[in-house]
Amino acid sequence: MRTKLTLAIIAWLLCQQLTAQRNCSTASYQADPSSAVAIEKAETFARQYISNNNSSRVLQGTVIKIPVVVHILYHYPSENISDAEVFKQIEILNQSFRRKNADTANTPLRFASVAADCEIEFHLAISDAKKRSTSGIIRKYTPIKEWEDDDKMKFSAEMGDDAWDSKSYLNIWVCNLRRVAGYSTLPGGPAEKDGIVIGFPVFGFGHTSGFDKGRTAVHEVGHWLGLRHLWGDEYCGDDGVSDTPKQGTYNAGCPTGIRLSCSNGPDGDMYMNYMDFTNDVCMNLFTKGQAQRMRAFFAAGGARNSITTSTGLNPPLILESPLPEESPKWLHPQLYPNPTISDMTLDLSYDVRWLGKVLTIMNMQGQVVMQTTISAKLQTINVSKLQAGMYVLTGKKEDGETIKQKFIKL
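Residues numbered from 1 in each chain as written. Predicted model: local features only at pLDDT ≥ 70, side-chain atom pairs only at ≥ 80, totals over all residues. Heavy atoms only, no water.

**Student:** Go over the packing of aromatic side chains, please, and point to the residues and values.
**Tutor:** Across all of its chains, the model carries 10 aromatic pairs by this definition. Residues Trp231 and Phe277 carry aromatic rings whose centres are separated by 5.1 Å and whose planes lie at 85° to one another, so their mutual orientation is edge-to-face. Taken together, the residues span a long stretch of sequence, with Trp231 in the loop between helix H6 (215-224) and helix H7 (288-296) and Phe277 in the loop between H6 and H7 at a distance of 46 residues. Its relative accessible area of 0% is what places Phe277 among the buried residues. Their ring planes at 20° and their centres at 5.6 Å tell us that Tyr391 and Phe407 sit as a pair that is stacked. Here Tyr391, found in strand E12 (residues 389-396), pairs with Phe407, found in strand E13 (residues 402-409); they are 16 residues apart in sequence, far enough to count as distant. There is no split in this pair, since Tyr391 and Phe407 are both buried. Clustering of aromatic rings is evident, with ring pairs tying together Phe97, Phe122, Tyr274 and Phe286. (Phe/Tyr/Trp six-rings, centres within 6.5 Å; stacked < 30°, edge-to-face > 60°. Helix = DSSP H or I, 4+ residues; strand = E, 2+ residues; numbered from the N terminus. Buried < 20%, exposed > 50% of the residue type's maximum accessible area, 1.4 Å probe, protein only.)

**Student:** Summarise the sheet that holds strand E10 (residues 368-373); cite the residues concerned and give the values.
**Tutor:** Read across the open sheet, the 4 strands follow the order E10-E9-E12-E13; overall the sheet is antiparallel. One side of each edge strand has no neighbouring strand; the edge strands of this open sheet are E10 and E13. Ignoring which end each strand starts from, the neighbouring axes of this sheet average 20° apart. (Pairing = 2+ DSSP bridges. Axes fitted to C-alpha atoms, helices over the stretch in contact; angles between N-to-C directions.)

Structure representation (structure tokens):
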């Protein structure tokens, strides 16, 4: 009971402190009964693979290359991040997982001997599932202004974007996340949701103070590769890695010196590890044990093994790429011409969720004179039978958003 209460308090604190520290909601997948069995099966395999005298084979000098697809979901133009920012984030992932980032010099001497080159790399896909050419970057306008950490951004039917085959690609969704900086699925989780989600202000380099060096994505990819938070998501918990010291809970900000918790002296917390919650500038290592754990999931029979045979980085067989979707010209309904004699057009391209909703036209006395169902993003409305005068066109969606526009019939 005490453990559950502690976890509940930690979860509440994470939700309250997004602007002050890093947080993620990855652990919720372990609590989901529909995912827990498969996740535990993947976890058991990795644990047994490492323990059965296979640790040397897990780190055998072979670089694992992972094809990446970045789904950029934007509502406002400022959220449609540039290719350069995507390239920078991929570069940061590679530097961090290959231990080539310049700030490795900041790793304390007491932990330097266990710091690891994980020999894992990330590359934007050049071939899609149909072997067509791709940049590995998908841009999609969405009428959704903010997303929760509920996976809806991973489905086109929810105004997000469907995952590419998760057996062959790492899917990264970048969108306007509420409450959390990012989150990830775990090995063995649901295939249609597999991947990581990052809030656009912490994706790439130089946007949000404290989280401006792209390490949120490094942290979440760590989860995607089977790593837990250092504190095991409970007080003095177990992260399943032998060379990361136990610690009481997360560290925030940019600690210095030796921080002791859970009797982990003399070295203290490894708060510079990517799987803590410290600021980006203070993170600089994965350990050899973490590298072994991540690589174990790629072994034959492991939950990430299929990635090793992906064709996502092979030269495409078809050089033509699918045409990108066009963004709407504006972010609110447009009614024109106004005034009108007969036909008007209501442009709802900014939000296709209006399809199927009912429009009502009332006169200035509040009487309903006409109704029509929206059947197209560019909806034609014939008002030729209305008497000359001023009218109000209204509509409402399930989420409470409304249309209310006056027009003049000549």
